[in-house]
Amino acid sequence: MKKALLILSLLFCFNFASFSQNEKLTIEDAISQQYRKFRPKQISGVMPITGTENFSYVEDYSKIYSLSAKGKAKLILTLEEINNAKEGKQGSKLSYFPYWDYSWINKHKIKFTVGNEIMHYDLESKTIPFYALLDDKAKNIKAPNSNNGDLAFTIDNNLRLNTNSLKDIKITNDKNKGIVNGDGYVHRQEFGIDNGIWWSPNDKYIAFYRKDETMVADYPLVNIDSEIASLANSKYPMIGQKSEEVTLGIYNLKTKKTVFAKVTDFTAERYLTSITFGAENKYIYIGVLNREQNHLKLNKYSIETGDYKGTLFEEKNDKYVEPEHQLIFLKNTPDKFLWYSERDGYNHLYLYNTEGKMLKQLTKGNWVVTDFLGFDGKEENIYIMSTKESPLERHAYKISIETGEIKKLTKGKGVHTVVFSDTKKYFVDAYSNTTTPQIVNICNAKGKVKKELLNAPNPMKGFNLGAMKIGKIKSADGKTDLYYRLILPPNFDKNKKYPTIVYVYGGPHAQMVTESWGAGVSYWQYYMAQEGYIMFTLDNRGSADRGFEFESIIPRQCGQAEMADQMKGIEFLKSKPYVDAEKIGVHGWSYGGFMTTSLMTNHPETFKVGVAGGPVIDWKYYEVMYGERYMDTPAENPEGFKKTS
């Protein structure tokens, strides 16, 4: 039987979970079963039911339940029912409910998307009033806000519209494969962009990216799918070389005409970010960012003509400006919107009007807003997720737009995920921490728990896992706390010396150590600990959710400050009598692969072995968007490129 012992140390600020079971993980368990067999029990696919204070959720991929504000569950749809209603449709029967890709159109009608199959199911009539099975090559599928049956999507490099009345309208018809329309892969999916198609609030206009990459050099790749390998060229704009040119088209569904936003700022290799239709259906807003990524203009354009109507404001930073969000318009006062910015050093929300006047900064402090959850019914308050409690935790907060008063809504130490009802009167709160696999509650808008829905048992009960703890050390400059995760072998003997593996990522947009179940660990690390290794991970400066100064330490010198911090982690490890200083290894993927090769080549006396997955070996071969943000170009920063190669 699993026994968990939590030792609290205020001096070192860590959690220490000790296990004393007998069963061992297999490598198959550790690699393929973490999110299956060993995933803590959860309530999956929680969604607000439109127009109500209720929720829905999916059970066993085959049943959908409604959940009342009092926490009462009711079965409302089964896989068998929807497949019976689906008889006669072209597609095959559904084998599961996609809990990650369904939504409510109204309180009686659900929308499902399974691959290229889109359907609406009516709970009252038990029928499917809308069904579409798109071409296998269809990508970037985007439905309008009304879910009226229209669908915008791409096939190959062109944008199409499938409507109930007129099937398959070709919005673009470019023959040149170097012209790509509507693709979410524009700008290499930087800036939070995952789809290159936007519907206006009234569903009468469609905005879309048009990417001209004809001038970008071909990068040869070998296609080994066939017995005889073949050449497959890819357009890959590298640091310092010619980049793609992107424009924004606006298609009018009534006139069937397209205009392009008349963007003239900077060079043609600028970036178009934060694409948002105004709530009044007259203007579209574009964050125009220069190629150097240090100067942003938030501009307004006419959706009828594409004419430039003014710059609302500008943001500049010597290091970089990184717009990653659309504008968030208020419904009751559509001339106001929220804007994310790191201008004061942390990611916060600002209230603006559409003339560009900043009305107020809504959130402020040495913490970051990680998610916007919505407004209350009268739009007097906003709900957010943030790191205000701790960089390791995530909690929900309510903030008054008028006074700025902030109230913490979620209880319980750890990382919370919150879903509000459509009325914002209730929310479902799921959270975990290093000793709690998963607790799910339904709460009122003040954060009072109405009912506990789930208290998940420990899925690792009976396994002989090593002790895991979270602690902190100082960064290389001595100014900043850095958090680490340490896993000791089972049956740990402090009088023995153990080989140690440093698992590292270390780059932007990622945080490896959190106050969640397992502290964010992958179970292969428990397997390695089981095999007699100490496992160590440190979030160095340059990683995410600690503020702009913390993350922006890396420009023009990727890897330098990060390595310095990781070596402070090595000092910490070597100070422990049970660490074998002659047997320290390092491993990481992507930026972690780059960190692995950097540590191996700069500190060969420290690391006995390294395994680098998908590493950047030389930044001058990396792509334009990410690479130039952090390294500039080889011509501008020759010493930086020399250091990091």
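My aim in this report is to walk through the structure given alongside it, one point at a time. (Residues numbered from 1 in each chain as written. Predicted model: local features only at pLDDT ≥ 70, side-chain atom pairs only at ≥ 80, totals over all residues. Heavy atoms only, no water.)

**Description of the packing of helix α5 (residues 560-574) against helix α6 (residues 591-602)**
Relative to each other, α5 and α6 sit at 70°, their axes nearing to 10 Å. With respect to α6, the element α5 is oriented roughly perpendicular. Counting all contacts with α5, which are made through E562, M563, Q566 and M567, the residues of α6 involved are Y591, M595, S598, L599 and N602. A class-by-class count of the residues in the contact of α5 with α6 yields five nonpolar, three polar and one charged. (Axes fitted to C-alpha atoms, helices over the stretch in contact; angles between N-to-C directions. Helix = DSSP H or I, 4+ residues; strand = E, 2+ residues; numbered from the N terminus. Parallel < 35°, antiparallel > 145°, perpendicular 65-115°, else oblique. Contact = heavy atoms within 4.5 Å. Nonpolar A, V, L, I, M, F, W, Y, C, P; charged D, E, K, R; others polar.)

**As for the sheet that holds strand β30 (residues 369-375)**
If you walk across this open sheet you meet the four strands as β30-β31-β32-β33, and the pairing is antiparallel. In this open sheet, the two edge strands, each paired with only one partner strand, are β30 and β33 (406-408). Sheet twist, expressed as the mean angle between neighbouring strand axes with direction ignored, is 25°. In this structure, strand β32 (residues 395-400) lies alongside β33, joined through three bridges in antiparallel fashion. Note that in β33 the partner of Y397 across the bridge is K408. (Pairing = 2+ DSSP bridges.)

**Quick notes on the pattern of salt bridges**
For the structure on display, the rule yields 26 salt bridges. The partner of E87 in a salt bridge is K93, with the nearest N and O atoms 3.3 Å apart. Like K93, E87 is exposed. The shortest N-O distance in the salt bridge between E190 and R629 comes to 3.2 Å. Remark: R629 occurs in helix α7 (residues 624-631) and E190 occurs in the loop between β15 (179-181) and β16 (197-199); sequence separation between them is 439 residues. (Salt bridge = Lys/Arg side-chain N within 4 Å of Asp/Glu carboxyl O. Buried < 20%, exposed > 50% of the residue type's maximum accessible area, 1.4 Å probe, protein only.)

**Section: the sheet that holds strand β9 (residues 117-122)**
Taken in spatial order, the four strands line up as β7-β8-β9-β10 in an open sheet, and their pairing is antiparallel. Strands at the two margins of the open sheet, each flanked by one partner only, are β7 (102-106) and β10 (127-133). Along the sheet, successive strands turn relative to each other by an average axial angle of 20°, direction set aside. Where β9 meets β10, five bridges bridge the pair, whose relative direction is antiparallel. Looking at β10, one finds that E117 is bridged to L133.

**Things to note about unusual backbone geometry**
The phi angle at S274 is positive, at roughly 50°, despite the residue not being glycine. With respect to the element layout, S274 can be found in strand β22 (residues 271-277). On the basis of relative accessible area, S274 is assigned to the buried category, the value being 5%. Residue H509 is not a glycine yet carries a positive backbone phi of 70°.

**A closer look at the packing of aromatic side chains**
Taken as a whole and judged by the stated rule, the model has 39 aromatic pairs. Ring centres 5.6 Å apart and planes at 50° place the aromatic pair Y61 and Y99 in the tilted group. Of this pair, Y61 sits in the loop between β4 (55-59) and β5 (63-67) while Y99 is found in the loop between α2 (79-85) and β7, placing the two residues 38 residues apart along the sequence. With centroids separated by 5.4 Å and ring planes inclined at 70°, the aromatic side chains of F313 and W339 adopt a geometry described as edge-to-face. Placement of the pair is F313 in strand β25 (residues 308-316) and W339 in strand β27 (residues 336-341), with a sequence separation of 26 residues. For F313, a relative accessible area of 9% translates into the label buried. One aromatic cluster in this structure is built from Y320, Y505, F548, Y591, F594, W619, Y622, Y626 and Y630. The residue whose ring lies beneath R343 is F313, and the NZ or CZ to ring-centre distance is 5.6 Å. (Phe/Tyr/Trp six-rings, centres within 6.5 Å; stacked < 30°, edge-to-face > 60°. Lys NZ or Arg CZ within 6 Å of the ring centre and 35° of its normal.)

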